Amino acid sequence: VNCTGQGLSAVPPDLPADTGILLLSANRLASLSTAAFLPLTQLQDLDLADNGLAALHTGLPLPSLRELILSRNMLGALPALQGLPALTHLAVAHNSLATLAPRAFHAVTQLQDLDLRGNRLQTLPQDAFAGLRALKYLDLSDNLLEELPKELLQDLQKLETLWLSGNRLQTLPTNFFPEGHIFAYVFLTENPWHCDCNLRYLRAWIWQN
C-alpha cells in the first residue's frame, strides 16, 4: 500500500488487513506508536522516512515486521525496538542520534542490516551492538565519531561490510578487528587519520587483509 506524500498526520485506519508492504514516507507523522499497525498482522516492510518523526513508541508486538525505515527524520534517541522479533533490516540514517545506549539492539537479535549513517554519534559504548550475531552490514559513516572502543565488533560474528567513512577518527585501537574475521569490505576514507605509531596496528591490518 503506497501512502507516500499524502500529508498524513496519522496512520489511516482503513488499511487492508493483509497489507504486507506499507509506504508512509514523506508525510507528517511527527509522533507514532507501533500499536497503530497492530491490525496489519502480515506487515513485513514499513517505510516511515521523511516524516519529521521525533518519537516512535514500540512495545506491542509486530511479529511479522522484517524491514523498518526511519531515515531522514528528527529522532534524537533510538526507539526501544521492543516487540519486533523478526526485524532484519533497520535504517535510522540521517536523524539526530548523538549516542547509543549499551546493548541498544538487544531486542532485535535477528538484525542483518543496520544503517546509522549521517547522525551525530560522537562515541559508542563497547557493547552498543552486543547480541547482533546475525548482522552482516553496519553503516556508521558520516557521523562525528572520534574514537571507537576496542570491543565494539566482538559479537558481530557474521559482519561482512563495515562503513566508517566520513567520521573524525584519527586511529583505531589495537585488535579492534576480531582476529581471524574476514570482511568483504571495510570503508575507512574521509577520516583525519593521524600518521604516528598509534596507527601501526591499522596499517598492519590493512596489509594483511
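Residues numbered from 1 in each chain as written. Predicted model: local features only at pLDDT ≥ 70, side-chain atom pairs only at ≥ 80, totals over all residues. Heavy atoms only, no water.

**Points about the overall build of the chain**
Put simply, the test is: Secondary structure counts use DSSP, requiring at least four H or I residues in a row for a helix and at least two E residues in a row for a strand, with both numbered from the N terminus. We compute the radius of gyration from the C-alpha atoms alone; for a globule the expected value is 2.2 Å times N to the 0.38, where N is the number of residues. Burial here depends on accessible area, computed with a 1.4 Å probe over protein chains only, as a share of the maximum for the residue type. Under 20% is buried, over 50% is exposed, and the range in between is partly exposed. For this analysis, residues touch if any pair of their heavy atoms sits within 4.5 Å.
Across its full length, the chain carries 1 helix and 10 strands. Scanning the chain from its N terminus toward the C terminus, one meets helices and strands in the order β-β-β-β-β-β-β-β-β-β-α. At 18 Å, the chain has a C-alpha radius of gyration in line with the 17 Å of a compact globule built from 209 residues. The C-alpha extent of the chain, read off along each of the three principal axes, is 60 × 30 × 25 Å. Among the 209 residues that make up the chain, the fraction classed as buried is 45%. Of the contacts formed within the chain by residues at least 6 apart in sequence, a portion of 40% connects residues at least 24 apart.

**Considerations on the layout of surface pockets**
How we decide: The method works on a 1 Å grid over the protein atoms by themselves. A cavity is a set of points holding a 1.4 Å probe that cannot get out, a pocket is an open set with protein on both sides within 12 Å along at least five of seven lines, and residues with an atom within 4 Å of a point line them. Grid points are joined across faces, edges and corners, and a volume is the space filled by probe spheres set on the points. Any residue outside Ala, Val, Leu, Ile, Met, Phe, Trp, Tyr, Cys, Pro, Asp, Glu, Lys and Arg is labelled polar, Gly included; the first ten of those are nonpolar and the last four are charged.
In this model, the largest pocket occupies a volume close to 190 Å³. Lining the largest pocket, in full, are Asn175, Phe177, Pro178, Glu179, Gly180, His181, Tyr201, Ala204, Trp205, Gln208 and Asn209. Grouping the constituent residues of the lining of the largest pocket by class yields 5 nonpolar, 5 polar and 1 charged.

**Regarding the pattern of salt bridges**
Here is the rule we go by: The working definition used for a salt bridge is a side-chain nitrogen of Lys or Arg within 4 Å of a carboxyl oxygen of Asp or Glu.
By the definition in use, this model includes 4 salt bridges. The shortest N-O distance in the salt bridge between Asp115 and Arg117 comes to 2.8 Å. Judged by its relative accessible area of 10%, Asp115 falls in the buried class. Residues Asp155 and Arg133 are paired through a salt bridge, measuring 3.5 Å at the closest nitrogen-oxygen approach. Taken together, the residues span a long stretch of sequence, with Asp155 in the loop between strand S8 (137–139) and strand S9 (161–163) and Arg133 in the loop between strand S7 (113–115) and S8 at a distance of 22 residues. For Asp155, a relative accessible area of 21% gives the class partly exposed. In this structure, a network of salt bridges that share partners links the residues Asp115, Arg117 and Asp139.

**Focus: the nonpolar core**
Using the following cut-off: Definition used in this section: a nonpolar core is a set of buried Ala, Val, Leu, Ile, Met, Phe, Trp, Tyr and Cys residues joined via side-chain atoms within 4.5 Å.
The biggest cluster of nonpolar side chains holds 59 residues, and the ones touching the most others in it are Phe37, Leu100, Phe105 and Phe129. No other element matches helix H1 (residues 200–208), which puts 3 residues into this core. Excluding residues that lie within four positions of it along the chain, Phe37 makes contacts with Val11, Leu22, Leu24, Leu32, Leu43, Leu46, Leu48 and Leu62.

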